[in-house]
Amino acid sequence: AQSVSQHNHHVILSEAASLELGCNYSYGGTVNLFWYVQYPGQHLQLLLKYFSGDPLVKGIKGFEAEFIKSKFSFNLRKPSVQWSDTAEYFCAVNAPYSGGGADGLTFGKGTHLIIQP
Amino acid sequence: DVKVTQSSRYLVKRTGEKVFLECVQDMDHENMFWYRQDPGLGLRLIYFSYDVKMKEKGDIPEGYSVSREKKERFSLILESASTNQTSMYLCASSLRQGAREQYFGPGTRLTVT
């Protein structure tokens, strides 16, 4: 079965600091990759996705992620964080044997990011 | 705009009660999913459905059942609620093509006392 690892469960940064959240997955074939964000009291929403093409993907609110196939990684980055980026961030993978069959996603356990003003 | 709605944001039920959680999507998506979200455990898949009247077990189906009588509606049923089913329940939907990104509802926070 697929697995997705998010290495940092809690991250605390100051405003304007740079952010990188790690995500590794276990499947060696073709994958679709996602980062979701859940702001306090709000629903999960898609931050960005990799489907094909350029491995550097840009998403909403200045976030980007790089797909490195050789490292099975899809790390999320932002050059300068803001207080409003405080949220829970989830990495997810669509691949054969994902949770939910061929059309499902396997999620990491999440990273709780706190930005201090 | 994509929309997934869930019938309740907050629900309090007693042990042993039968509980129904409803989810409706307006995007004509084939796939629908039910997850529970618990701190430190991420999202765990309970059940999913690829089509009307079709259902498949996810990773933690015990104590739950589902119903999909119409394409846009997917119901989660707790046959006899227990305190260990206190959790946040999330519904999602997706297409059967493309990247398969899922769109989530706002969640139902269920407390079983």
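Whatever comes next refers back to the structure up there.
Residues numbered from 1 in each chain as written. Chains lettered and ligands numbered in written order. Predicted model: local features only at pLDDT ≥ 70, side-chain atom pairs only at ≥ 80, totals over all residues. Heavy atoms only, no water.

Caption draft 1: Structural detail: the pattern of salt bridges. The tally for this structure, following the rule as stated, stands at eleven salt bridges over all chains. The closest approach of N and O atoms between B:Lys53 and B:Glu69, which form a salt bridge, is 2.4 Å. Of this pair, B:Lys53 sits in the loop between β5 (42–49) and β6 (56–57) while B:Glu69 sits in strand β7 (residues 64–70), and the two are 16 residues apart along the sequence. Accessibility classification places B:Lys53 together with B:Glu69 in one group, the exposed group. A single network of salt bridges, built from pairs that share partners, joins A:Lys58, A:Glu64, A:Glu66 and A:Arg77. (Salt bridge = Lys/Arg side-chain N within 4 Å of Asp/Glu carboxyl O. Helix = DSSP H or I, 4+ residues; strand = E, 2+ residues; numbered from the N terminus. Buried < 20%, exposed > 50% of the residue type's maximum accessible area, 1.4 Å probe, protein only.)

Caption draft 2: Spatial organisation of the environment of A:Gly62. Residue and element names in this part refer to chain A. If you trace the backbone, glycine 62 turns up in the loop between β7 (56–58) and β8 (64–68). Distance from glycine 62 to tyrosine 36, taken between C-alpha atoms, is 14 Å for residues 26 residues apart in sequence. Leave out the neighbours within four places in its chain, and glycine 62 touches Arg77, Lys78 and Pro79. (Contact = heavy atoms within 4.5 Å.)

Caption draft 3: The arrangement of the packing of aromatic side chains in detail. Residues and elements named next belong to chain B. This model, assessed by the stated rule, comprises 13 aromatic pairs over all chains. Both rings, one in phenylalanine 33 and one in tyrosine 35, keep their centres 6.3 Å apart while their planes meet at 25 degrees; by these two values the pair is stacked. Each of the two residues, phenylalanine 33 as well as tyrosine 35, counts as buried. Between tyrosine 35 and phenylalanine 104, the ring centres sit 5.8 Å apart and the planes meet at 40 degrees, which makes this aromatic pair tilted. Of the two residues, tyrosine 35 sits in strand β4 (residues 31–38) while phenylalanine 104 sits in strand β10 (residues 103–104), which places them 69 residues apart along the sequence. You'll find tyrosine 35 and phenylalanine 104 in the same group, each marked buried. (Phe/Tyr/Trp six-rings, centres within 6.5 Å; stacked < 30°, edge-to-face > 60°.)

Caption draft 4: Structural detail: the interface of chain B and chain A. Facing the 23 residues of chain B at the interface are 22 residues of chain A. Interface area, chain B with chain A, both sides summed: about 1,700 Å², of which 56% is carbon and sulfur. Summed over the three residues of chain B that lose the most area to chain A, namely B:Ala99, B:Arg100 and B:Phe104, the buried surface amounts to 28% of that side. Our enumeration of links across chain B and chain A arrives at one salt bridge. Across the pair B:Glu101 and A:Lys49 runs a salt bridge, and its minimum N-O distance is 2.7 Å. (Buried area = accessible area lost by both parts, 1.4 Å probe.)

Caption draft 5: Quick peek at the sheet that holds strand β8 (residues 73–78) of chain B. All names here are of chain B. Taken in spatial order, the four strands of this open sheet run β1-β3-β8-β7, and their pairing is antiparallel. The two strands at the open ends of the sheet, each matched to only one other strand, are β1 (4–6) and β7. In this sheet, neighbouring strand axes are inclined to one another by 20 degrees on average, regardless of whether the strands run parallel or antiparallel. Where β1 meets strand β3 (residues 19–25), three bridges bridge the pair, whose relative direction is antiparallel. Considered in β3, the bridge of glutamine 6 is made with cysteine 23. (Pairing = 2+ DSSP bridges. Axes fitted to C-alpha atoms, helices over the stretch in contact; angles between N-to-C directions.)

Caption draft 6: Fine view of the nonpolar core. Residue and element names in this part refer to chain A. Counting residues in each nonpolar core, the largest one holds 29 residues, and the members touching the most others are Leu33, Trp35, Leu48, Phe74, Leu76 and Tyr89. Put simply, the parts of the chain that give this core at least two residues each are β2 (10–14), β3 (19–21), β5 (32–38), β6 (45–50), β8, β9 (73–78), β10 (87–94) and β12 (111–116). With four residues, β10 is the largest single contributor of residues to this core. If sequence neighbours within four positions are ignored, tyrosine 89 has contacts with Gln6, Leu21, Trp35, Tyr36, Val37, Leu47, Phe63, Leu76, Gly110, Thr111 and Leu113. (Core = buried A, V, L, I, M, F, W, Y, C linked by side-chain atoms within 4.5 Å.)

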